[in-house]
Amino acid sequence: YRGWCLQNARCYSVNHLSVQERIEKKRKAALTGGGQLRIAAQHKRGKLTARERLELLLDPDSFVEYDMFVEHRCSDFGMEADHNKYPGDSVVTGQGRINGRLVYVFSQDFTVFGGSLSGAHAQKVCKVMDQAMMVGAPVIGLNDSGGARIQEGVESLAGYADIFLRNVMASGVVPQISLIMGPCAGGAVYSPALTDFTFMVKDTSYLFITGPDVVKSVTNEDVTQEELGGAKTHTTVSGVAHRAFENDVDALLNLRDFFNFLPLSNKDPAPVTECHDPRDRPVPGLDTIVPFESTKAYDMLDIVHGVLDEREFFEIMPNYAKNIVVGFARMNGRTVGIVGNQPKVASGCLDVNSSVKGARFVRFCDAFNIPIITFVDVPGFLPGTAQEYGGIIRHGAKLLYAFAEATVPKITVITRKAYGGAYDVMSSKHLRGDVNYAWPSAEVAVMGAKGAVQIIFRGKENQAEAEAEYVEKFANPFPAAVRGFVDDIIQPSTTRKRLCRDLEVLASKKQTNPWKKHANIPL
Amino acid sequence: MAAYRNTPGFQRVLHAVKHVCFSKQRCGVIICRYSTVYDPNEKVSLIIRVIKTCKKMGIKTVAVHSDVDSSAVHVKVADEAVCVGPAPTSKSYLNMDAIMNAIKQTGAQAVHPGYGFLSENKEFAKRLAAEGVTFIGPDTHAIQAMGDKIESKLIAKAAKVNTIPGFDGVVKDAEEAVKIAGEIGYPVMIKASAGGGGKGMRIAWNDEETREGFRFSSQEALSSFGDDRLLIEKFIDNPRHIEIQVLADKHGDALWLNERECSIQRRNQKVVEEAPSTFLDPDTRRAMGEQAVSLANAVKYSSAGTVEFLVDSKKNFYFLEMNTRLQVEHPITECITGLDLVQQMIRIAKGYKLQHKQSDIPINGWAVESRVYAEDPYKSFGLPSIGRLSQYQEPLDLPNVRVDSGIQEGSDISIYYDPMISKLVTYGKTREEALKKMEDALDNYVIRGVTHNIPLLREIIVHPRFVSGDISTKFLPEVYPDGFKGHMLTAGERRELLATAAALYVAAQLRSQKFLGDLRVSVVPAESRQWELCVELDKGVHMLGVSRSGNNYTVEIDGEKVEVSGEWNLASALLPITINGKHRTLQCLLRTAAGEISLQYLGTSFKLRVLSNLAASLSKHMPEKVPEDTSSILRSPMPGSVVAVSVKPGDNVAEGQEICVIEAMKMQNSMTAAKTAKVKSVHCKAGDTVGEGDLLVELE
């Protein structure tokens, strides 16, 4: 029967090849992408090919490829020629597993037309995104593309829009992660921007709306690709990217690690992994970490590391708006989101950038059932014209909004200062904090003693005495504790034990916000 | 407080000694103006040590502290604590009124002064006497006499103690130093009259070195002791440092409690000590002991003290100095004699006669002490490092291990203090047993957050020369002429290390596939799997095959099989495993998602990278990151302060020329140019505080 089939097929074959042979040939062509020369060039740039990247990202033998036979449909500018057709076109798509958990992936192939986006390319990407949303699994995009397929014109632009729409539809439904592993310019940048996390590879990836040449012609600025949109720029200055990795291999291995923190969809619980760190482990170092003088800085990461499982913290945006620390970790094996003011940088005050950084992170956690633990040491919002003109009111409101609307378990630990409006903002009891703790070193007050005394006792002599009185009255956890605004004052070294216990209790927390079409966060 | 002062049984139980411990620590900049240089960690550990004995004797203790020390360890372990003022020492620990008040307020009946501070203050002694409060320690006369090297040498000579040939007086200037050196004969040692602990000490082999040594020593002496008087003596080449512990009461009786050998030193500071010494025969021991006792008698010494000797290869011994305090290494004497020296000091202070006769003093077994420092042993056998002890775990669950420390998890090690973390003491029936225990103790000692010298300690105690007792104060420079480089792995050890890293990697990979209660995870057929791994270590790349059965891993490396098994607890700092049937404790210092694994193995930390074969083969396409050219950049090798900068931009410097001087922990280090070049820029000035790795000077 098979023989007949092959024979038959051979009769109809244009190139006198059997269908089976054509399948084999196409598959082989698809696997080599733009050909050995371009693969060698890709390697020479210090980059891996689209398929090598997927091989490294996914569990061995788990990749199931879709649309290997899709080809572009452009017939202008000689594109219809056979040698300009590549099976699969400039992107590899499909699904696979990371540590056994389902993930949908697309990996742009720079060796085929510079990874440029054709209608077919976009269609392939949309297909995996649609299915990911249907079954409830994250989408990881590995971006390495020169931009639109210019030969295809509006077809290519339509393709981008199709992807953008799906990015928006999938937002809050399944986690979406972009890893920029080469150029990503023009309209293309908005897909990563719409996803939940954008990671970059140092020295080999760029993100910008317009490249250095256009910048030069329009604004007459001289700027290199790296300065304009390299990993350093986006992880330290613009805040566009959430983290950067040394190279492709490093980035992909870290991405596997990161993936383990995430639930598969908004209907799935945050994952719980096997934990070797005792849940009730005391952390003696925390009893002495907060300095005696309230003006002295300390490193909030010391507290965070001490409390978490195995001191393991996947920090998000570690080099941007460093006055707030956010990231993922585990408590007794359960994924949690950590938010903490960083007294080491700008006294840990809230400003425009840190508010936005914190707000976006909190909203991600809330969307994906990840409990939020907040460590508070905040002297207030940063004063000054730069901040006011920059819209600190509008941006600060984002963080307030994000904490207030979140319905996931919220636990707060006030380690030292919780002053003024910033106290309210930082996941306070008043914003439906489930468990709010204060350390003995906590000071919950409208402002610091000095400022308060200048107002309350204006013109009075003996300011020092008044200050001492104020400190005695307010610079401690009691005013908040007697009102029930903190649930308990705890010994710092017991923090881990408390948090693990509370998280277990709160795992079944159910809370809903009133029905609405969508909320209106002050963007 | 008042409560137990009125308890009727109180006086009866404790021979009326209530005990105030004075400490100074963690209180900003220390100005060392006293006869000895000490550090607060050591001080706190001493105070804790004293408190322990007091508890055993039923004596209540009171710790005094400044504002900022209220959470220090000694404050927690004492029965009571009294704050004597704000952080500056002049307002707290040196504030005599505040301390007298503390004594009155708590009804303390005795005072242990710690070192320095008020311990040598005659006025303080007088005020204590007026209040009828006992002072624990030798009296000020003896401290002063022995604290001054010139005076002590004269007294020693008079007491018929062997002394080193040298010049019995203060050297006026560099030229006089050269003249005297010529008379005594090279090599000579130049040292601070007020010195101790290796500070302000230089050895010179010729005239030029004498001049330079004189300059450095006087600067160091001035900054460390506030006294730049120097003296010169014959330098005994290749000597051993052996000291005798003495105990003397107020009735003119004195005992010697055998010796401690402290020859393993770096920059004249002790690193590893042991008691007894492998070198002394009973006759020499007795001769040294008797001279030590006669010196103690000569100064009417009471309390515990130490007489230090240099011993040459022919067992000639020379008096070096007498330490009038309880020394860091006192625990090893306690181990072999069974005496509690603090208890003896308290008894003596109360005026009791000595409990023991010389013939009662035994040598039971062997004790070894390692000084664990927050130092980078790869730089000059130990340059200070700083940081916060993010994890800290002493190996106290091992038998016959004692750790005296004054720090805890979360403590900060800063540039203002001598960086001692602890004294680690092990004891055994034989020297071999004590050393084996020390190996285990070092392997099980968890210190994270600061660089420490455990790699060096671990290497010293297993070195064939040390094991055979063939040591001198030159041990380190002789054994490691090019500096300490860490443990050199044998082929077998290398395989063990690689196998452990591979097994740890697989254990971690397997765990990351375990999700509890998640039904949407596909089952990975892990049990049947083999792993093909590529492990990098020191630029060497190894292909490994790993197979697993439960917690046992078989790792094949270059045709050889290594069996590794253990609990594989990925949260624990310690990694106790069995390799080819041998028990080992490793420590996992780092494990990243990208396959980097740092393991502490045989004391030294090794960086490895474990990758799947696939990841390894793809890694070769990764661009190499260009490292910074360091020959034209001078960075601070340690945290400290800049004493002097001798160049300015535009100057031409020759290779080896001094560029600036950095001081840390009262040690001055001359920084020199790595090549002949023009100075491009200077990033520091005298008086600056710099961190490790900070840019100091750039050359063109």
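This is a predicted model, so every value here is computed, not measured.

What counts and what doesn't
Residues numbered from 1 in each chain as written. Chains lettered and ligands numbered in written order. Predicted model: local features only at pLDDT ≥ 70, side-chain atom pairs only at ≥ 80, totals over all residues. Heavy atoms only, no water. UniProt positions renumbered as here; feature names shortened; annotations may be inferred. Helix = DSSP H or I, 4+ residues; strand = E, 2+ residues; numbered from the N terminus. Salt bridge = Lys/Arg side-chain N within 4 Å of Asp/Glu carboxyl O. Buried < 20%, exposed > 50% of the residue type's maximum accessible area, 1.4 Å probe, protein only. Axes fitted to C-alpha atoms, helices over the stretch in contact; angles between N-to-C directions. Parallel < 35°, antiparallel > 145°, perpendicular 65-115°, else oblique. Left-handed = near helix turned anticlockwise from the far one by under 90°. Contact = heavy atoms within 4.5 Å. Nonpolar A, V, L, I, M, F, W, Y, C, P; charged D, E, K, R; others polar. Pairing = 2+ DSSP bridges. Expected span 1.5 Å × (residues − 1). Domains from an automatic or database assignment. Buried area = accessible area lost by both parts, 1.4 Å probe. Phe/Tyr/Trp six-rings, centres within 6.5 Å; stacked < 30°, edge-to-face > 60°. Core = buried A, V, L, I, M, F, W, Y, C linked by side-chain atoms within 4.5 Å. Patch = residues over 30% accessible without salt bridge, like charges linked within 9 Å, V, L, I, M, F, W, Y side chains within 5 Å. Areas by Shrake-Rupley, 256 points an atom, 1.4 Å probe, with all protein chains shown as cover.

Caption draft 1: Here's a closer look at the UniProt feature "domain: CoA carboxyltransferase N-terminal" (unreviewed entry) in chain A. Within this numbering scheme, the UniProt entry marks residues 16–274 of chain A as carrying the feature "domain: CoA carboxyltransferase N-terminal" (unreviewed entry). Within the segment residues 16–274 of chain A, helix and strand shares are 39% and 17% respectively, and the terminal C-alpha atoms sit 57 Å apart.

Caption draft 2: Expanded view of the pattern of salt bridges. Residue and element names in this part refer to chain A. Considering all chains together, one arrives at 68 salt bridges over all chains under this definition. One salt bridge connects K47 with D144, and the closest N-O pair in it is separated by 3.0 Å. Here K47 is found in the loop between α3 (36–44) and α4 (50–57), whereas its partner D144 is found in the loop between β4 (139–143) and α6 (154–170), with 97 residues between them in sequence. As far as burial versus exposure is concerned, K47 and D144 are alike and both buried.

Caption draft 3: Just the packing of helix α14 (residues 431–443) of chain B against helix α15 (residues 454–462) of chain B, in detail. All names here are of chain B. Contact geometry for α14 and α15: axes closest at 10 Å, N-to-C directions at 160°. By the angle between their axes, α14 is roughly antiparallel relative to α15. Judged by the twist between their axes, the crossing of α14 over α15 is left-handed. Residue-level inspection shows L435, M438, E439, L442 and D443 of α14 in contact with α15, the latter providing I454, L457, R458, I461 and V462. Among the residues making up the contact of α14 with α15, the classes are represented as seven nonpolar, no polar and three charged.

Caption draft 4: Summary view of the sheet that holds strand β36 (residues 677–682) of chain B. All names here are of chain B. Pairing in this open sheet of four strands is antiparallel, and the strands run β31-β38-β36-β33 from one edge to the other. Single-partner strands in this sheet number two, and they are β31 (633–635) and β33 (652–653). Two strands pair when backbone bridges link them, and β31 and strand β38 (residues 695–699) are joined in this way by three bridges, in the antiparallel orientation. Bridge pairing in β38 places I633 opposite E698.

Caption draft 5: How the structure looks around helix α5 (residues 119–135) of chain A. Residues and elements named next belong to chain A. Given a rise of 1.5 Å per residue, 17 residues ought to cover 24 Å, and the 25 Å separating the end C-alpha atoms of α5 matches this to within 8%. For α5, the set of buried residues is G119, A120, H121, A122, K124, V125, C126, V128, M129 and A132. For α5, the secondary structure elements touched by its buried residues are β1 (64–66), β2 (91–98), β3 (101–108), β4, α6 and β5 (176–180). Once α5 ends, the next one or two residues include G136, with phi positive near 80°.

Caption draft 6: Looking closely at the domain arrangement of chain A. Residues and elements named next belong to chain A. Here the domain parsing of chain A yields domain 1 (18–260) and domain 2 (284–442 + 486–506). Each of domain 1 and domain 2 was reduced to a C-alpha centroid, and the two centroids are 35 Å apart. Taken together, the 23 residues of domain 1 in the interface contact 15 residues of domain 2. The largest per-residue losses of area from domain 1 upon contact with domain 2 belong to F197, H242 and R243, which jointly make up 33% of the total buried on that side.

Caption draft 7: Structural view of the packing of aromatic side chains. Applying the stated rule across the entire model yields 26 aromatic pairs over all chains. Residues F199 of chain A and F314 of chain A carry aromatic rings whose centres are separated by 6.1 Å and whose planes lie at 75° to one another, so their mutual orientation is edge-to-face. Here the residue F199 of chain A occupies a position in strand β7 (residues 197–201), and F314 of chain A occupies one in strand β10 (residues 313–316), the gap between them amounting to 115 residues. This pair shows no difference in class: F199 of chain A is buried, exactly as F314 of chain A is. Ring geometry for F381 of chain B versus Y480 of chain B: centroids 6.3 Å apart, planes at 55°, classification tilted. Residue F381 of chain B is located in the loop between β15 (375–376) and β16 (383–384), and its partner Y480 of chain B is located in the loop between α17 (475–479) and α18 (491–511); the two are separated by 99 residues in the primary sequence.

Caption draft 8: View of the pairing of strand β10 (residues 254–266) of chain B. Residue and element names in this part refer to chain B. In terms of burial, β10 is a largely internal element, 13 of the 13 residues being buried. Where strand β9 (residues 240–248) lies against β10, six bridges are found, and the strand directions are antiparallel. What sits directly across from I244, in β10, is E259. Between β9 and β10, which follow one another and run antiparallel, lie five residues, and G252 among them has a positive phi close to 85°. Here β10 runs beside strand β11 (residues 269–275); their pairing, made up of four bridges, is antiparallel. Bridged to Q265 within β11 is K270. The hairpin turn running from β10 into β11, its antiparallel successor, is two residues long, and R267 in that turn takes a positive phi close to 45°.

Caption draft 9: Fine view of the sheet that holds strand β6 (residues 188–192) of chain B. All names here are of chain B. With antiparallel pairing, the three strands of this open sheet are ordered in space as β7-β6-β8. Strand pairing shows two members of the sheet lacking a second neighbour, β7 (201–204) and β8 (230–234), which therefore form its edges. When the angles between neighbouring strand axes are averaged without regard to direction, this sheet yields 20°. As defined by bridge partners, β6 adjoins β7 across four bridges and the pair is classed as antiparallel. If you follow I190 over to β7, its bridge partner there is R202. The sheet strands contacting helix α8 (residues 149–158) are β6, β7 and β8, and the helix crosses β8 at an angle near 45°. Relative to the sheet, helix α9 (residues 174–184) contacts β6 and β8, its axis offset from that of β8 by approximately 20°.

Caption draft 10: Just the side chain of T284 of chain B, in detail. Position of T284 of chain B among the secondary structure elements: in helix α11 (residues 282–298). Setting aside residues up to four positions removed in sequence, T284 of chain B forms contacts with K315 and F317 of chain B.

Caption draft 11: Molecular detail of the nonpolar core. Counting residues in hydrophobic clusters, the biggest one holds 73 residues, and the most contacted among them are I140, F258 and F328 of chain A. Considering every element that reaches this core, the biggest residue donor is helix α11 (residues 248–259) of chain A, with seven residues. In terms of nonpolar packing, the next biggest core, distinct from the first, is built from 37 residues, A499, L537, V555 and L602 of chain B among them.

Caption draft 12: Inspection of the pairing of β5 of chain A at higher detail. Residue and element names in this part refer to chain A. Of all the five residues making up β5, five are buried; the element is thus mostly covered by neighbouring parts of the structure. Burial along β5 is two-sided: Q176, S178 and I180 and I177 and L179, pointing in opposite directions, are all buried. When β4 meets β5, the two strands line up parallel, connected through five bridges. By the bridge assignment, L142 is partnered in β5 with L179. Strand direction decides the pairing type here: β5 and β7, joined by four bridges, are parallel. The partner of L179 across the bridge, within β7, is F199.

Caption draft 13: How the structure looks around the UniProt feature "domain: CoA carboxyltransferase C-terminal" (unreviewed entry) in chain A. Under the present numbering, the feature "domain: CoA carboxyltransferase C-terminal" (unreviewed entry) in UniProt falls on residues 278–517 of chain A. Annotation note: span residues 278–517 of chain A, helix share 36%, strand share 19%, distance between end C-alpha atoms 44 Å.

Caption draft 14: Geometry of a nonpolar patch on the surface. Residue and element names in this part refer to chain A. A cluster of nonpolar side chains, namely L165, V168, M169 and L194, defines an oily patch on the protein surface of about 340 Å² accessible area. In terms of residues, the nonpolar patch owes the most to one element, α6, which gives three residues. Residue placement: V168 occurs in helix α6. Residue classification places V168 among the partly exposed positions, given a relative accessible area of 42%.

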